Amino acid sequence: TRDNKLIEMPHNKEEATCDGSCGNLKYTNPELSKKIVNDLINKLVKQAKKYNVKKVIVSDSQMYQNIKENMESRMISEMEIFEMSEVVCDALKIRR
């Protein structure tokens, strides 16, 4: 989001990038999962800077958790990650 406007980032829909959490890869091959999610985080940070975006919304709860955990472990603070239901609840003023 930028100034409370939604910006659709490149590499979405059919061109979306895997985050390494699908198929429980995080548990069956943690090293590969970590590499995949860190590559995605690097792309997201780069795109966020390019488009002056401070908040990124994802629609999948596993993806959210995987990205958030890895951003925290890398101490990345230039952008925040949110899961879609958080945004909807905030907009409707529903307690989470």
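About the cut-offs
Residues numbered from 1 in each chain as written. Predicted model: local features only at pLDDT ≥ 70, side-chain atom pairs only at ≥ 80, totals over all residues. Heavy atoms only, no water. Helix = DSSP H or I, 4+ residues; strand = E, 2+ residues; numbered from the N terminus. Rg over C-alpha atoms; globule rule 2.2 N^0.38 Å. Contact = heavy atoms within 4.5 Å. Areas by Shrake-Rupley, 256 points an atom, 1.4 Å probe, with all protein chains shown as cover. Lys, Arg positive; Asp, Glu negative; His and termini not counted. Charge placed at Lys NZ, Arg CZ, Asp CG, Glu CD. Salt bridge = Lys/Arg side-chain N within 4 Å of Asp/Glu carboxyl O. Buried < 20%, exposed > 50% of the residue type's maximum accessible area, 1.4 Å probe, protein only. Core = buried A, V, L, I, M, F, W, Y, C linked by side-chain atoms within 4.5 Å.

S.K.: With reference to specific residues and values, describe the overall build of the protein chain.
M.R.: A tally of regular secondary structure across the protein chain gives four helices and two strands. Against the compact-globule benchmark of 12 Å for 96 residues, the protein chain has a radius of gyration of 14 Å, which places it among compact chains. A principal-axis box enclosing the C-alpha atoms of the protein chain has dimensions of 40 × 30 × 30 Å. Looking at the protein chain alone, contacts between residues at least 24 apart form 64% of all its contacts between residues at least 6 apart. Surface accessibility of the protein chain: about 6,900 Å² in total, with carbon and sulfur atoms responsible for 53%. Averaging the positions of the 17 positive and the 15 negative side-chain charges in the protein chain gives two centres separated by 5 Å.

S.K.: Kindly report on the environment of Asn-29, identifying the contributing residues and their values.
M.R.: For Asn-29, the location among the structural elements is in the loop between α1 (25–28) and α2 (30–50). Considered as a pair, Asn-29 and Ile-67 are 38 residues apart in the sequence and their alpha carbons are 16 Å apart.

S.K.: Please set out the pattern of salt bridges residue by residue, giving values where relevant.
M.R.: Within the structure shown, the criterion is met by four salt bridges. In this structure, Lys-35 engages Asp-39 in a salt bridge whose closest nitrogen and oxygen atoms are separated by 2.8 Å. Note that Lys-35 and Asp-39 are positioned in helix α2 at a spacing of four residues, about one turn of the helix. When its relative accessible area of 36% is taken as the criterion, Asp-39 is described as partly exposed. Note that Glu-72 is salt-bridged to Lys-68, the shortest N-O span being 3.6 Å. Of this pair, Glu-72 and Lys-68 are both found in helix α3 (residues 61–73), four residues apart, which corresponds to roughly one turn of the helix. Exposure remark for Lys-68: the relative accessible area of 28% places this residue in the partly exposed category.

S.K.: Tell me about the environment of Gln-62, and name the residues and values.
M.R.: Looking at the element boundaries, Gln-62 is found in helix α3. Dropping the residues within four chain positions of it, Gln-62 is found in contact with Asp-19, Ser-21 and Asn-24.

S.K.: Go over the nonpolar core, please, and point to the residues and values.
M.R.: Counting residues in hydrophobic clusters, the biggest one holds 16 residues, and the most contacted among them are Ile-41, Ile-67, Met-71, Met-79 and Ile-81. Of all the elements in the fold, those that place two or more residues in this core are α2, β1 (55–58) and α3. Per-element tally for this core: the top contributor is α2, with six residues. In this view, Ile-67 contacts Val-37, Leu-40, Ile-41, Leu-44, Val-58 and Ile-81; residues no more than four positions away in its chain are not counted.

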